[in-house]
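# Observations on the model geometry
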Amino acid sequence: MVSIPADEIAHDFSPFFRVYKDGRVERFHNYIYVSPSDNPNTGVRSKDVNNNSARLYLPKITENNQKFPLLIYIHGGGFSIESAFSTGHDKYLHSIVAKANVVVISIDYRLAPEHPLPACYDDSWAVITWAALHVEMCEHLILTEKEFIKEAWLKDHVDFSHVFLAGDSAGANIVHDMVVRASASEKPLGDGFRIVGTALIHPFFGNDEPDEYCLFIFPECEGLDDPRLNPAAHPRLLSNLVCLRIKVFTAEKDFLRDRSLTYYYALKKSGWKGEVEIMETQGEDHVFHLLEPTCEKAGILMERLVDFFNEKI
């Protein structure tokens, strides 16, 4: 391993990245890209859509005009590593599609520090509004293009009255902000795009303690209580969330566990009219289900997710 002189390093945010004084960024985790594919064993198909800003997954079609719930998934990685196109996330979402029988849009977004927050929020919202344009009752949404060509898999096979959002770690943080945006009084996604549930897996939330990392990747934030970083500090926003059910997943050894619990209790006390549940996995650490997807406890977490996406609402 090459030794790096300390005076060449401007910022060191292990285990995510290091920034040198000349502006170079060195990541400590480089994902392995995998192309979209069709799985002959499960019948799940995938392709990249919307100018490669997302990967779309379609479950096996067994009848004409078959409609499925839609799951919009946002990957984690501290806002600075990983991708919707990585081997780990792609394989995990193939499994969710096969087991839960849902169409999935897996969002890819620009990474910090080259693209500071709120880039990840804005990129994710752009994909969600693109998806909402496929609903028949969305004529009021403003199109930037002269002509909008609908994606056939979404147009033909999605039940937009059953939309779920889910994400892991930083992705779960982004998911929460997406629901906040969707909950605005002007109904930005229209009446036909109905978010019925949200799954937050080991969410990367802040608290009232100084966080040098978050301040570095989000220089425009509104301080420690910015609603995107610390949603528990904003009961009014929590009380107005448009979705019907939220499930929070924690792990006993997760360094973010206490923040997940704070979010859960803040949501319960906010006056929100929906249903919130929490599931904690004993003896496991942050995003263990992605690091060891074949272990028994990862299988149990997968089962709970599938049940959540399949419950009739």
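Residues numbered from 1 in each chain as written. Predicted model: local features only at pLDDT ≥ 70, side-chain atom pairs only at ≥ 80, totals over all residues. Heavy atoms only, no water.

Identification of the protein chain as Alpha/beta hydrolase fold-3 domain-containing protein from Anisodus tanguticus is taken from an unreviewed UniProt entry. Check the Sequence similarities (unreviewed entry) section of the UniProt entry for the protein chain; it says "Belongs to the 'GDXG' lipolytic enzyme family." (UniProt positions renumbered as here; feature names shortened; annotations may be inferred.)

### Description of the UniProt feature "active site" (unreviewed entry) in the protein chain
In this numbering, the UniProt entry assigns the feature "active site" (unreviewed entry) to Ser169. Structurally, Ser169 is set in the loop between β8 (158–168) and α4 (170–182). With a relative accessible area of 6%, Ser169 lands in the buried category. (Helix = DSSP H or I, 4+ residues; strand = E, 2+ residues; numbered from the N terminus. Buried < 20%, exposed > 50% of the residue type's maximum accessible area, 1.4 Å probe, protein only.)

### Points about the packing of aromatic side chains
On inspection of all chains with the given rule, the structure shows 16 aromatic pairs. When the centroid spacing of 5.0 Å and the interplanar angle of 40° are considered together, the rings of Phe13 and Phe216 count as tilted. A residue pair is termed long-range when its members are at least 10 positions apart, and Phe13 in strand β1 (residues 9–13) and Phe216 in helix α5 (residues 212–217) qualify at 203 residues. Overall, the relative accessible area of 9% leaves Phe13 in the buried class. For Phe216, a relative accessible area of 27% corresponds to the partly exposed category. (Phe/Tyr/Trp six-rings, centres within 6.5 Å; stacked < 30°, edge-to-face > 60°.)

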